[in-house]
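# Descriptive analysis of the structure
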Amino acid sequence: QVQLVESGGGLVQAGGSLRLSCIASGRTFSSNAMGWFRQAPGKEREFVAGTSGSGGTTYYADSVKGRFTISRDNAQNTVYLQMNSLKPENTAVYYCAASSTPYMPAPVVAGYAYWGQGTQVTVSS
């Protein structure tokens, strides 16, 4: 089992930045590829970014490439999502997720076995 706790969400103006953090416990952290997803009201949960267990491989949704950066600190059991140049359409609940393997899974909800409770990000225009 893996337990995930996100933090760092909040209210920010368009063009601003936020950094989300997710602390994991329960397994050797490097054994899990990690991902960030988001879900806006009335929409399905969608993939945002992912990283392999070592952090050597990352993958982004096209909509966030060049603005968001995923990183991990395996010594601190933490994965981060740095979000720059935020837009109102980025408003959503952001979820941290862990795969059951260290290899990048498909960028879909079913590719991840463990989920955090989510943190709200609101971008005002």
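Predicted model, so just to flag it, every value in this text is computed and none were measured.

The subject of this paragraph is the environment of Phe 37. Note on placement: Phe 37 falls in strand β4 (residues 34-39). When the C-alpha positions of Phe 37 and Tyr 95 are compared, they lie 5.1 Å apart, and in sequence the two are 58 residues distant.

Let us look at the state of the cysteines. Counted according to the given criterion, the structure contains 1 disulfide. What pairs with Cys 22 in a disulfide is Cys 96, and their sulfur atoms sit 2.1 Å apart. Taking the torsion about the sulfur-sulfur bond, which here is approximately -75°, the covalent link between Cys 22 and Cys 96 counts as left-handed. Of the two residues, Cys 22 sits in strand β3 (residues 18-25) while Cys 96 sits in strand β9 (residues 92-98), which places them 74 residues apart along the sequence. The class for Cys 96 is buried, based on a relative accessible area of 0%.

The next thing to look at is the pairing of strand β5 (residues 46-51). The element β5 is extensively covered by neighbouring structure, given that 5 of its 6 residues are classed as buried. Here 5 bridges tie β4 to β5, and the two strands are oriented antiparallel to one another. Its bridge partner being in β5, Phe 37 is matched across the sheet by Phe 47. What sits between β4 and β5 in their antiparallel hairpin is a turn of 6 residues, with Gly 42 showing a positive phi close to 80°. Of the strand pairs in this sheet, β5 and strand β6 (residues 58-60) are connected by 3 bridges, and their pairing is antiparallel.

Pairing within the open sheet is antiparallel, and its 4 strands lie in the order β1-β3-β8-β7. On the outer flanks of this sheet lie β1 (3-7) and β7 (68-73), each paired with one strand and no other. Strand after strand, the sheet turns through a mean of 15° between neighbouring axes, direction not considered. Across 6 bridges, the pairing between β7 and strand β8 (residues 78-83) is antiparallel.

Parameters at a glance
- Residues numbered from 1 in each chain as written.
- Predicted model: local features only at pLDDT ≥ 70, side-chain atom pairs only at ≥ 80, totals over all residues.
- Heavy atoms only, no water.
- Helix = DSSP H or I, 4+ residues; strand = E, 2+ residues; numbered from the N terminus.
- Disulfide = S-S within 2.5 Å.
- Buried < 20%, exposed > 50% of the residue type's maximum accessible area, 1.4 Å probe, protein only.
- Pairing = 2+ DSSP bridges.
- Axes fitted to C-alpha atoms, helices over the stretch in contact; angles between N-to-C directions.

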